[in-house]
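The lines below spell out each chain.
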Amino acid sequence: MNNTYGEIIKITTFGESHGLIIGAIIDGYFYNKYIFEKTIQEKLNLRKPYTSLFSTQRKELDKIKIFTGIFNSKTTGSPILMIIKNHDNKSLDYNNISKNFRPGHADLTYQLKYKFRDYRGGGRSSARETACRVAAGSFFTNILFNKGILIRSYIKRIGFLKINFKYWKNIINRFFINIYYIKELKEYINNFKNSSNSSSAEIVSIINGIKHGLGDPLYKKIDSIISSYILSINAVKSIFFGINFKNKNSFNIKDEISKFGFLSNNNGGILGGISNGQPIIIKIIFKPTSSTSKKINTINENNEEIISKTYGRHDPCVGLRAIPIIESMISTVLINTILKKKIYD
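In what follows, the accompanying structure is described. A quick note: this is a predicted structure, and the numbers were derived from the prediction, not measured.

### Examining the pairing of strand S16 (residues 280–286)
In terms of burial, S16 is a largely internal element, five of the seven residues being buried. Judged from the five bridges that link them, strand S11 (residues 236–241) and S16 form a sheet pairing that is antiparallel. Considered in S16, the bridge of Ile-239 is made with Ile-284.

Quick look at the structure:
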């Protein structure tokens, strides 16, 4: 099983949803850089569960602790080990489905591949693992910002409900939505919860400050690298760069050029797999949460057809907590690509 990502700065995550701990090891990171647990914690708090009635009611503190690679708040150049303890893992919730394969989950594929699986919340395949990615990605935010690169994201759509821009809070500096004050959205999600259903989500990420020349033609395109990282996030089913071809103006997506630069950005800042200096625009689709309390047809380990019901605590819409995960993965792509190409000072 491959648990490591990154080419120059490598990140290895470990742990299971219902194990004692989860964590990450960062190898190849810069030396003599200030790192504070408080900064990492701020990022983790954006992703952690039990932040509202719209998220899973699993009460995890997601408290980060750095054990190696830091001395007097500075990096030493050696591997950095971070650990988060699991506190509220109610494994008994999964006893009734320990031999069942939940539709929409990795239960069946893990069993077929490894001949064994951790049924407690999906084990390694659980979205709980993404906390490790957020912690690791927080190491790169300030470095990218100092190079003039800013990643901003917002939730564009929940299911069939398009979220109006008038609801965005502090849109200039941050694209997070304050969903607690949107009556329409609260009612929409509550309807899903009360009917034991779940909802998809569309998230848009915009990367500003990217210079031209990032990425290579054909097999190392910057959009293909970003795609591989984003698609590794649980529940992501689709990614798109630039305009949506369903739009009425999709018959002509060529970005005309003047001596002052491009006149439009239909291609989302990337041409031929190489950044063109415009903002990179990414649209990401998350599928509805697979686990709900509805009864559903499936099979068990004896290949018997059964009707199963999943208990436990799950997000009615996983996209509501996905922005810090997306931005952490994008940050990891960018820092590694920049280091490899050395096109930034």
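Next comes the rest of the write-up.
### Describing the packing of aromatic side chains
Across all of its chains, the model carries six aromatic pairs by this definition. Following the ring pairs from residue to residue traces out a cluster consisting of Tyr-29, Phe-30, Phe-139 and Phe-140. Here the basic side chain of Lys-33 rests over the ring of Phe-30, its NZ or CZ set 5.8 Å away from the ring centre.

### A word on the nonpolar core
If you look at the biggest cluster of nonpolar residues, it comprises 65 residues, and the most contacted ones within it are Met-82, Phe-139, Ile-158 and Ile-230. Ranked by the residues each element gives to this core, the list is headed by helix H7 (residues 323–341), at nine residues.

### Concerning the sheet that holds S16
One open sheet holds the five strands; their spatial order is S9-S8-S10-S16-S11, and the pairing between them is antiparallel. Strand pairing shows two members of the sheet lacking a second neighbour, strand S9 (161–162) and S11, which therefore form its edges. As defined by bridge partners, strand S8 (residues 150–158) adjoins strand S10 (residues 201–208) across eight bridges and the pair is classed as antiparallel. If you follow Ile-158 over to S10, its bridge partner there is Ala-201. Lying on the sheet, H7 is in contact with S8, S10 and S16; it crosses S8 at an angle near 145 degrees.

### Considering the pairing of strand S7 (residues 80–85)
Strand direction decides the pairing type here: strand S3 (residues 21–27) and S7, joined by six bridges, are antiparallel. Within S7, the residue paired with Ile-22 across the bridge is Ile-84. By the bridge criterion, four bridges tie strand S4 (residues 64–68) to S7 in an arrangement that is antiparallel. Looking at the pairing, Thr-68 lines up with Leu-81 of S7.

### A look at the packing of helix H1 (residues 37–47) against helix H3 (residues 130–137)
It is at 8 Å that the axes of H1 and H3 come closest, and there the two elements cross at 145 degrees. Crossing of H1 against H3: the hand is right-handed. Within the contact between the two elements, H1 uses Ile-40, Lys-43, Leu-44 and Arg-47 and H3 uses Thr-130, Ala-131, Val-134 and Ala-135. A per-class count over the contact of H1 with H3 returns five nonpolar, one polar and two charged.

### Some remarks on empty space enclosed by the protein
In the structure shown here, the tally under the stated rule is two cavities of 30 Å³ or more. In this structure, the largest cavity encloses a volume near 70 Å³. Forming the boundary of the largest cavity are Glu-7, Gly-215, Asp-216, Lys-220, Ile-225, Thr-337, Lys-340 and Lys-341. With three residues, the top contributor of residues to the lining of the largest cavity is H7. Partitioning the lining of the largest cavity into residue classes produces one nonpolar, two polar and five charged. Here the second largest cavity is characterised by a volume of approximately 30 Å³. Every residue lining the second largest cavity is listed: Ala-106, Asp-107, Tyr-110, Arg-117, Asp-118, Gly-122 and Ser-125. Taken together, the residues that form the lining of the second largest cavity break down as two nonpolar, two polar and three charged.

### What to know about the pattern of salt bridges
Under the counting rule described, the total for this entry stands at nine salt bridges. A salt bridge links Arg-120 to Asp-118, with the shortest nitrogen-to-oxygen separation between them at 2.8 Å. Where salt bridges share partners, they join Arg-47, Asp-62 and Arg-128 into one cluster.

Conventions we followed
- Residues numbered from 1 in each chain as written.
- Predicted model: local features only at pLDDT ≥ 70, side-chain atom pairs only at ≥ 80, totals over all residues.
- Heavy atoms only, no water.
- Buried < 20%, exposed > 50% of the residue type's maximum accessible area, 1.4 Å probe, protein only.
- Helix = DSSP H or I, 4+ residues; strand = E, 2+ residues; numbered from the N terminus.
- Pairing = 2+ DSSP bridges.
- Phe/Tyr/Trp six-rings, centres within 6.5 Å; stacked < 30°, edge-to-face > 60°.
- Lys NZ or Arg CZ within 6 Å of the ring centre and 35° of its normal.
- Core = buried A, V, L, I, M, F, W, Y, C linked by side-chain atoms within 4.5 Å.
- Contact = heavy atoms within 4.5 Å.
- Axes fitted to C-alpha atoms, helices over the stretch in contact; angles between N-to-C directions.
- Left-handed = near helix turned anticlockwise from the far one by under 90°.
- Nonpolar A, V, L, I, M, F, W, Y, C, P; charged D, E, K, R; others polar.
- 1 Å grid on protein atoms, 1.4 Å probe; cavity = no way out; pocket = protein on both sides within 12 Å on 5 of 7 lines; lining within 4 Å.
- Points joined across faces, edges and corners; volume = space filled by probe spheres on them.
- Salt bridge = Lys/Arg side-chain N within 4 Å of Asp/Glu carboxyl O.

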